[in-house]
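What follows is the residue order along each chain.
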Amino acid sequence: MARDSKRVNLSVPDNIYAVIESMCEASGESITEYCARAVVTKAEHDLMVKLPEKWQAFTANIEPKQE
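Keep in mind the model is a prediction, meaning the values are calculated, not measured. (Residues numbered from 1 in each chain as written. Predicted model: local features only at pLDDT ≥ 70, side-chain atom pairs only at ≥ 80, totals over all residues. Heavy atoms only, no water.)

**Observations regarding the overall build of the protein chain**
Which entries qualify depends on this criterion: Elements are defined by DSSP. Helices are runs of H or I of four residues or more, strands are runs of E of two residues or more, and each kind is numbered from the N terminus. Burial status follows relative accessibility: with a 1.4 Å probe on protein chains alone, a residue under 20% of its type maximum counts as buried, one over 50% as exposed, and anything between as partly exposed. All accessible-area figures derive from a Shrake-Rupley calculation using a 1.4 Å probe, and residue coverage is judged against the displayed protein chains alone.
Counting its regular elements, the protein chain contains 3 helices and 0 strands. The order of helices and strands in the protein chain, counted from the N terminus, is α-α-α. Out of the 67 residues in the protein chain, the part that is buried amounts to 7%. Accessible area of the protein chain: about 6,300 Å², with a carbon and sulfur share of 56%.

Now the structure itself:
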């Protein structure tokens, strides 16, 4: 998990949980990993689309990965 990360509780309808469970079986991710990735992806997308100036500022502060 990322440094300075926060925890959230998530409740979803049973049918959505079943879909998430199936996706996790196929990908090998845990349900927690899948949900965390989905939330981060959605938040990044919303920031990019709805607040492009903040997205630019956000991505300007990301350091390249050291390989």
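**Topic: the confidence of the model for the protein chain**
Which entries qualify depends on this criterion: Every residue carries a pLDDT, the predictor's confidence in it, which falls somewhere between 0 and 100.
Mean pLDDT over the protein chain: 87, with 87% of residues reaching 70 or higher. When mean pLDDT is taken per element in the protein chain, helix H1 (residues 14-27) scores highest with 95 and helix H3 (residues 52-60) scores lowest with 84.

**Here we look at the environment of Glu-21**
On the secondary structure map, Glu-21 appears in helix H1. Sequence separation between Glu-21 and Ile-31 is 10 residues, and the spatial gap between their C-alpha atoms is 6.6 Å.

**Details of the pattern of salt bridges**
What counts is decided by this rule: We define a salt bridge as a side-chain nitrogen of Lys or Arg found within 4 Å of a carboxyl oxygen belonging to Asp or Glu.
Counted by the stated rule, this structure contains 2 salt bridges. A salt bridge links Glu-29 to Arg-37; the shortest N-O distance between them is 2.9 Å. Asp-46 is paired through a salt bridge with Lys-42; the nearest N and O atoms lie 2.8 Å apart. Residue Asp-46 and its partner Lys-42 are located together in helix H2 (residues 31-50), separated by 4 residues, close to a single helical turn. Asp-46 gets classed as partly exposed once you look at its relative accessible area, which sits at 23%.

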